[in-house]
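# Structural description and commentary
Okay, here's what each chain looks like letter by letter:
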Amino acid sequence: MRRRSESVPFAFVAEAERFRSNVTPPPRQRPSPRQILGRSLTALAVVAGFAGSLLLGLPALQTDQTATHTHHTATVRSR
């Protein structure tokens, strides 16, 4: 093995680059139907919240063209 020419402040950092573990992690457990249902309902609640805020927020973001138009029409008629 080739040694590094630059200095390494901690020996374990240099050792960690070449270390390979032979221990395999345990297999992942499958989520239970109850967990899947809970995650689905949480996702559905988040999506419904976004959709509701969009539906309620869009009218507030639109400019009111009818009020400006009636004010302009009344000004033109008074001339």
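What you are looking at is a predicted structure, and each value in this text was computed from that prediction instead of being measured.

Scanning the protein chain from terminus to terminus reveals three helices and zero strands. Across the protein chain, helices and strands are ordered from the amino to the carboxyl terminus as α-α-α. Counting the 79 residues in the protein chain, one finds 0% classified as buried. A total accessible area of about 8300 Å² is found for the protein chain, and carbon and sulfur atoms account for 62% of it.

Right, let's get into the confidence of the model for the protein chain. On average, residues of the protein chain score 79 in pLDDT, and 57% of them reach the 70 mark or higher. The least confident element of the protein chain is helix H3 (residues 65-77), whose mean pLDDT is 62; the most confident is helix H2 (residues 33-61), at 95.

On the surface, Leu 37, Leu 41 and Leu 44 cluster together into a nonpolar patch covering about 320 Å² of accessible area. Among the secondary structure elements, Leu 44 is positioned in helix H2.

Thresholds applied
Residues numbered from 1 in each chain as written. Predicted model: local features only at pLDDT ≥ 70, side-chain atom pairs only at ≥ 80, totals over all residues. Heavy atoms only, no water. Helix = DSSP H or I, 4+ residues; strand = E, 2+ residues; numbered from the N terminus. Buried < 20%, exposed > 50% of the residue type's maximum accessible area, 1.4 Å probe, protein only. Areas by Shrake-Rupley, 256 points an atom, 1.4 Å probe, with all protein chains shown as cover. pLDDT = per-residue confidence, 0-100. Patch = residues over 30% accessible without salt bridge, like charges linked within 9 Å, V, L, I, M, F, W, Y side chains within 5 Å. Salt bridge = Lys/Arg side-chain N within 4 Å of Asp/Glu carboxyl O.

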